[in-house]
Amino acid sequence: QVQLVESGGGLVQPGGSLRLSCAASGNIFSIYAMDWYRQAPGKQRELVAAITVGGSTDYADFAKGRFTISRDNAKNTVYLQMNSLKPEDTAVFHCCARTLKGDYWGQGTQVTVSS
């Protein structure tokens, strides 16, 4: 079992920045990758960014150049730095831990981009 707790969401003006955190606990050695997803109201959940245990990263097209995923192994935490935020980035952001026995999800953190 892996437990995930996201934090860092909130209300930000267009053009602003936020850094989301996802702290993992439990059987963390089973994790081979961690992802950030988002789900806007009335829309399907979509992948934002991913990072493997080896540090390889991948981004959705809308995230490239604006968002950065990183990890701090000592803190068992994955981050999502989001810059140049747009109103269309408004969504609930979830992190997901990928393991050989299945995927684990956090409860999500709300990001609202509005003036």
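Residues numbered from 1 in each chain as written. Predicted model: local features only at pLDDT ≥ 70, side-chain atom pairs only at ≥ 80, totals over all residues. Heavy atoms only, no water.

**Some details on the overall build of the protein**
Stage number 1. Across its full length, the protein carries 0 helices and 11 strands.
Stage number 2. Of all intrachain contacts in the protein linking residues separated by at least 6 positions in sequence, the fraction that spans at least 24 positions is 51%.
Stage number 3. For the protein, the distance from the average site of its 11 positive side-chain charges to the average site of its 9 negative ones is 2 Å. (Helix = DSSP H or I, 4+ residues; strand = E, 2+ residues; numbered from the N terminus. Contact = heavy atoms within 4.5 Å. Lys, Arg positive; Asp, Glu negative; His and termini not counted. Charge placed at Lys NZ, Arg CZ, Asp CG, Glu CD.)

**Section: unusual backbone geometry**
Stage number 1. The phi dihedral of Asn76 falls on the positive side, at around 50 degrees, and the residue is not glycine.
Stage number 2. Residue Asn76 is classed as partly exposed on the basis of its relative accessible area of 30%. (Buried < 20%, exposed > 50% of the residue type's maximum accessible area, 1.4 Å probe, protein only.)

**Quick word on the state of the cysteines**
Stage number 1. What the rule picks out here adds up to 1 disulfide.
Stage number 2. Each disulfide pairs two cysteine sulfurs, and for Cys22 the partner residue is Cys95, the sulfurs being separated by 1.9 Å. As the torsion about the S-S bond is roughly 55 degrees, the Cys22-Cys95 disulfide counts as right-handed. One end of the pair, Cys22, is in strand E3 (residues 18–26); the other, Cys95, is in strand E9 (residues 91–99), and 73 residues separate them in sequence. Both residues of the pair, Cys22 and Cys95, belong to the buried class.
Stage number 3. Not engaged in a disulfide, the cysteine Cys96 finds its nearest cysteine sulfur in Cys95; these two sulfurs lie 7.8 Å apart.
Stage number 4. By relative accessible area, Cys96 is classed as buried at 0%. (Disulfide = S-S within 2.5 Å.)

**Regarding the pattern of salt bridges**
Stage number 1. For the coordinates displayed, the defined rule picks out 6 salt bridges.
Stage number 2. With a shortest N-O distance of 2.6 Å, Asp35 and Arg98 are connected by a salt bridge. Taken together, the positions of Asp35 in strand E4 (residues 31–39) and Arg98 in strand E9 put the pair 63 residues apart, joining distant regions of the chain.
Stage number 3. Asp89 is paired through a salt bridge with Arg66; the nearest N and O atoms lie 2.7 Å apart. Note that Asp89 is positioned in the loop between strand E8 (77–82) and E9 and Arg66 in the loop between strand E6 (57–59) and strand E7 (67–72), a separation of 23 residues in sequence. Across the pair, exposure class does not vary: Asp89 and Arg66 are buried alike.
Stage number 4. Here the salt bridges share partners, and the residues they tie into one network are Arg38, Glu46, Arg66 and Asp89. (Salt bridge = Lys/Arg side-chain N within 4 Å of Asp/Glu carboxyl O.)

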